[in-house]
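# Summary of structural features
This is what each chain is made of:
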Amino acid sequence: MQTTKAIPAVRTMHYLPSVTIRLTGAAENRVVPRRHQDRAQVDVYIPGAIVILWDERAAWTMMTAWRNAAGIAERTFGARRAGGYEVANRHTSHITIGLQGKQSVEVFARTYLHSRSGCGELAVVVGPLTIVADDREAYDQQVATWRVAAAAANAVFDQEGRARRRAE
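The rules we used
- Residue indices follow the written sequence of each chain, beginning from 1 at its first position.
- Local features in this predicted model are restricted to residues whose pLDDT is 70 or higher, and side-chain atom pairs enter the listing and the counts only when it is 80 or higher, whereas totals over whole chains, interfaces and linings include all residues.
- The side-chain figures draw on all heavy atoms in the structure; neither hydrogens nor water molecules are used.
- A run of DSSP states H or I qualifies as a helix once it reaches four residues; a run of E qualifies as a strand once it reaches two. Both are numbered from the N-terminal end.
- For every residue, the accessible area (1.4 Å probe, protein chains only) is compared with the maximum for its type, and the residue is labelled buried under 20%, exposed over 50%, or partly exposed between those bounds.
- Only heavy atoms enter the contact rule, under which two residues are in contact if any of them lie within 4.5 Å.
- Using the Shrake-Rupley algorithm and a 1.4 Å probe, accessible areas are obtained, with residue cover drawn only from the displayed protein chains.
- For this analysis, a salt bridge means a side-chain nitrogen from Lys or Arg found within 4 Å of a carboxyl oxygen belonging to Asp or Glu.
- Two strands qualify as a pair provided that DSSP identifies no fewer than 2 bridges between them.
- Helix axes are fitted to C-alpha atoms over the stretch in contact, other axes to C-alpha atoms as well, and angles between N-to-C directions run from 0 to 180 degrees.
- Pairing of aromatic side chains here covers Phe, Tyr and the six-membered ring of Trp, requires ring centres within 6.5 Å, and sorts the geometry by plane angle: under 30 degrees stacked, over 60 edge-to-face, intermediate tilted.
- Under the convention used throughout, the expected extent of a helix is 1.5 Å for every residue step, that is, one less than its residue count.

As a further point, take the overall build of the protein. From N to C terminus, the protein includes three helices and eight strands. Within the protein, the fraction of its 168 residues that count as buried is 41%. Long-range contacts, defined here as pairs at least 24 residues apart, represent 68% of the contacts in the protein between residues at least 6 apart. Working note: accessible area of the protein is about 10,700 Å², and carbon and sulfur atoms make up 50% of it.

Right, here's the structure in full:
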């Protein structure tokens, strides 16, 4: 009887990339709804990234995360003003990330003593994307941007996440 050697199982590694964007001040953000034949998306341009929302649930997850962080933002920033710092002098997209469906959400904050800007920082983590607001202006701008993105998603997606048909 001949013995055979057992071949070890191939071990696979899976990596989940993550992206962190730091914002200070009232940065310029844009929300662009796009409709293609049977597909729709909402592109959200923030400094350093384009976030593509593939369905309404992803948009509502982002909006809800930022809106629900209001109490933490109030405790973190209070009336302090950030000194501000410039990371890039022009709006450049360094990465594009797509979000679909409901994502996991976490919110973290640091006091003014432990933040880069000297007025506190608030980080909202949605799935693989972390957006850090280094001051109250950046936080307020993100709340407004994701509110607009959720409204745009509501306009372009139906309940199943497909592109709404235009009334012709």
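Let's pick the thread back up.
Counted by the stated rule, this structure contains six salt bridges. In this structure, Arg34 and Asp43 form a salt bridge, with 2.4 Å as the shortest nitrogen-oxygen distance. Relative accessible area serves as the criterion here: at 30%, Arg34 is assigned to the partly exposed category. Judged by its relative accessible area of 4%, Asp43 falls in the buried class. Between Arg136 and Glu74 there is a salt bridge, and its shortest N-O distance comes to 3.0 Å. With Arg136 in helix H3 (residues 136-156) and Glu74 in helix H2 (residues 70-77), this residue pair connects regions lying 62 residues apart in the sequence. Residue classification places Arg136 among the partly exposed positions, given a relative accessible area of 24%.

Strands sit in the order E1-E8-E7-E6 across an open sheet of four strands; the sheet is mixed. The open sheet has two free edges, formed respectively by strand E1 (19-23) and strand E6 (105-110), since each of these has just one partner strand. Ignoring strand direction, the axes of neighbouring strands in this sheet form an average angle of 15 degrees. Two strands pair when backbone bridges link them, and strand E7 (residues 121-126) and strand E8 (residues 129-133) are joined in this way by five bridges, in the antiparallel orientation. Among the inter-strand pairings, Leu122 is bridged to a residue of E8, identified as Ala133.

This part is about the packing of aromatic side chains. Any two aromatic rings considered together are summarised by their centre-to-centre distance and by the angle between their planes. In total, this model carries one aromatic pair according to the counting rule given. With centroids separated by 5.9 Å and ring planes inclined at 45 degrees, the aromatic side chains of Trp66 and Tyr139 adopt a geometry described as tilted. You can see Trp66 sitting in helix H1 (residues 56-68) and its partner Tyr139 sitting in helix H3, a full 73 residues away along the chain. Residue Trp66 shares its accessibility class with Tyr139, and that shared class is buried.

This part takes up the environment of Ala149. Among the structural elements, Ala149 can be located in helix H3. Of the residues examined, Ala149 reaches a relative accessible area of 0% and is grouped as buried. The spacing of Ala149 and Pro33 is 116 residues in sequence and 8.2 Å in space, taken between C-alpha atoms. Leaving out residues up to four positions away in the same chain, Ala149 has contacts with Val31, Val42, Val44, Leu53 and Ala59.

On to H1, then. Along an α-helix, residues three or four apart share an orientation, since each turn contains 3.6 residues. With 13 residues, H1 should reach 18 Å at 1.5 Å per residue; the first-to-last C-alpha distance of 18 Å fits that figure. For H1, the full list of buried residues reads Glu56, Ala58, Ala59, Thr61, Met62, Met63, Ala65 and Trp66.

Moving on: H3. Between its first and last C-alpha atoms H3 spans 30 Å; for 21 residues at 1.5 Å apiece the expected length is 30 Å, and the two agree. Listing the buried residues of H3 in full gives Ala138, Tyr139, Gln142, Val143, Thr145, Trp146, Ala149, Ala150, Ala152, Ala153 and Val156.

Below, the discussion takes up the pairing of strand E4 (residues 48-53). Working note: regular strand, side chains alternate between the two faces of the sheet. Of all six residues in E4, six are buried; the element is thus mostly enclosed. Here strand E3 (residues 40-46) pairs with E4 via five bridges, running antiparallel. Counterpart to Asp43 in the pairing with E4 is Ile52. Linking E3 to E4, which pair antiparallel, is a turn of one residue.

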